[in-house]
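Architecture at a glance
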Amino acid sequence: MMDKAFFEGLSEEEARKKITELAGDYCELYHKRKEYKPGDHISYGGRFYDRREMENLVDSSLEFWLTAGRYVQEFEKKFAAWLGVKFCSTVNSGSSANLLAFMALTSPLLKERAIKPGDEVITVAAGFPTTVSPIVQYGAVPVFVDVTIPGYNIDAAKLEEAYSEGKTRAVMIAHTLGNPFDLSAVSAFCEKHGLWLVEDNCDALGSEYILNGKKVKTGTVGHIGTSSFYPPHHMTMGEGGAVYTDDPLLHRIVRSLRDWGRDCVCEPGQDNRCGHRYDGQYGQLPAGYDHKYVYSHLGYNLKITDMQAAVGVAQLEKIDSFTALRREHHAYLYEGLADLSDKLVLPVATANADPSWFGFMICCRDGVDRTRLVRHLEDAGVQTRMLFSGNLIKHPCFDHLRDAQGDKYRVAGSLENTDRIMQSGFWIGVYPGMTRSMMDVMIEEIHKGLQG
Ligand SMILES: Cc1ncc(COP(=O)(O)O)c(C=O)c1O
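Residues numbered from 1 in each chain as written. Predicted model: local features only at pLDDT ≥ 70, side-chain atom pairs only at ≥ 80, totals over all residues.

**As for the overall build of the chain**
Where we set the bar: Working definition: helices are DSSP H or I runs of at least four residues, strands are E runs of at least two. Numbering for both runs from the N terminus. Exposure is read from a count of other C-beta atoms within 10 Å of each residue's own; the residue is exposed at 12 or fewer, buried at 20 or more and partly exposed in between. C-beta atoms are placed from the backbone.
Counting its secondary structure elements, the chain contains 14 helices and 14 strands. Along the three orthogonal principal directions, the C-alpha set of the chain runs to about 75 × 65 × 45 Å. Taken over 452 residues, the chain has a buried fraction of 46%.

Here it is, written out as structure tokens:
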């Protein structure tokens, strides 16, 4: 046990400061990034942090509020301001963010604009499953549109073909690996048909797009945007995510669904913020029923802890430098692989976009064996990733849905490029922790893997 004299004469605040400083020193000493040596494993992503994150984490744990508290409020405010949106709600993962974003659009508070079971939602199969799963789980019908190569986003030219009068209600898609989808075409399509647009921004934090002559951040154009703060993502809280919107009603619905479905907007631990706790009459409840326990939705509990947000606050201070490094690393890899363009399809940014890349996507051209190349890279210590599901509807989770095609899901046209990505695509990392020597090895090993 440490001698209590360590705290002698210190106020609680001073003692906490001393401990957090020590935690910062500990971080600098024991969490130093190891210098890369040839032969070391090169991961595709990972946490990138310093003493600030550790200090905030310890500060929050000493406060021991545990649930959402002052750090959550600070993070939500600063994150919304950084994005340029009015409202942000933190949640416990990017998947939860997608769940909330979609379920918000089914709220009865939206009246005739609410998505109902059986309604169609346009999306893609070449991506992460939890962009799509809330649609299926709710009983709406995902309509899969093919993507383009080498942008890896929805083929906007096929949107009209996927539209079904009276049935299509929304478009819910991700900005693939940081490359923005064609926001001009997709948002114009949504406006024309009065559709909701959900931007899964989990892999694209900090990506920019020129829309109608104005630079905007991805995630802020559609009605709702979502983020993930899982470690390999652009910034991290360990687990975590966010849902953001400019629409006060959608924000209210998201908050309600996130917080058990309640109608009340008090923060955790707070009572009677509105001053009308016992004044209202809701549903068929008796007049004056405690508003704290009035439920306007059948909701969830998807909140984060204050310790997660404390780490997020420190990460947010660095997000611009993180995105700059991701862009730099992507450009470096591109230059080093450019001579292989007869064997590999290299990634291309969408027109009018400045991606904050999540990864460096590659498609093997005909005659190049993806599995052989990926095996070579993994054996050489270069971590690789598939474009998540490749083609989601080929997975076992669709086995029981395939027979009911038309009812449970629909494919608009062919998924030729989606299948091609599933067969011949993979990606490597560009995260801020990468160094020139690591990227030189990645470039060299890709060249080697294509020989012979
Ligand atoms: C596009 C996309 N959406 C959603 C998610 C889910 O995020 P989480 O892992 O935080 O649930 C991911 C995960 O990487 C993703 O890539």
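Next comes the rest of the description.
**A look at the sheet that holds strand 14 (residues 425-429)**
Cut-off, in case you're wondering: Pairing between strands is defined by DSSP: at least two bridges between the two strands are required. Residue pairs are scored as contacts if the distance between their C-beta atoms, which are placed from the backbone, is within 7 Å. All axes are obtained by fitting lines to C-alpha atoms, using only the stretch in contact for helices, and the reported angles, taken between N-to-C directions, cover 0 to 180 degrees.
Overall, antiparallel pairing links the 3 strands, which are arranged 10-12-14 in an open sheet. Each having just a single partner strand, strand 10 (344-345) and strand 14 make up the two edges of the open sheet. On the sheet, helix 13 (residues 416-424) packs against strand 12 (359-364) and strand 14 and is oriented at approximately 95° with respect to strand 12.

**Structural notes on the site of the ligand**
Condition: What makes a residue near a molecule or strand is its C-beta atom, placed from the backbone, lying within 6 Å of it. By the convention adopted, Pro, Cys, Tyr, Trp, Phe, Met, Ile, Leu, Val and Ala count as nonpolar, Lys, Arg, Asp and Glu as charged, and the other residues, Gly among them, as polar.
Around the ligand, the surrounding shell holds 15 residues, and the nearest of these are Ser93, Gly94, Ser95, Cys202 and Ser228. In terms of residue class, the shell around the ligand is made up of 4 nonpolar, 9 polar and 2 charged.

**Comments concerning helix 13**
Residues Asn417, Thr418, Arg420, Ile421, Met422 and Ser424 constitute the buried set of helix 13. As for helix 13, its buried residues are in contact with strand 12, helix 11 (370-379) and strand 14.

**Topic: the domain arrangement of the chain**
We count it as follows: In this entry, domain limits derive from an automatic or database-based domain assignment.
Domain annotation for the chain reports domain 1 (63-315) and domain 2 (318-449). At the interface, 43 residues of domain 1 touch 42 residues of domain 2. Going through the elements one at a time, strand 3 (141-144), helix 6 (159-162) and strand 6 (208-211) are the ones with two or more residues in the side of domain 1 that touches domain 2. In terms of residues, the side of domain 1 that touches domain 2 owes the most to one element, strand 3, which gives 4 residues. Split into classes, the residues belonging to the side of domain 1 that touches domain 2 amount to 26 nonpolar, 10 polar and 7 charged.

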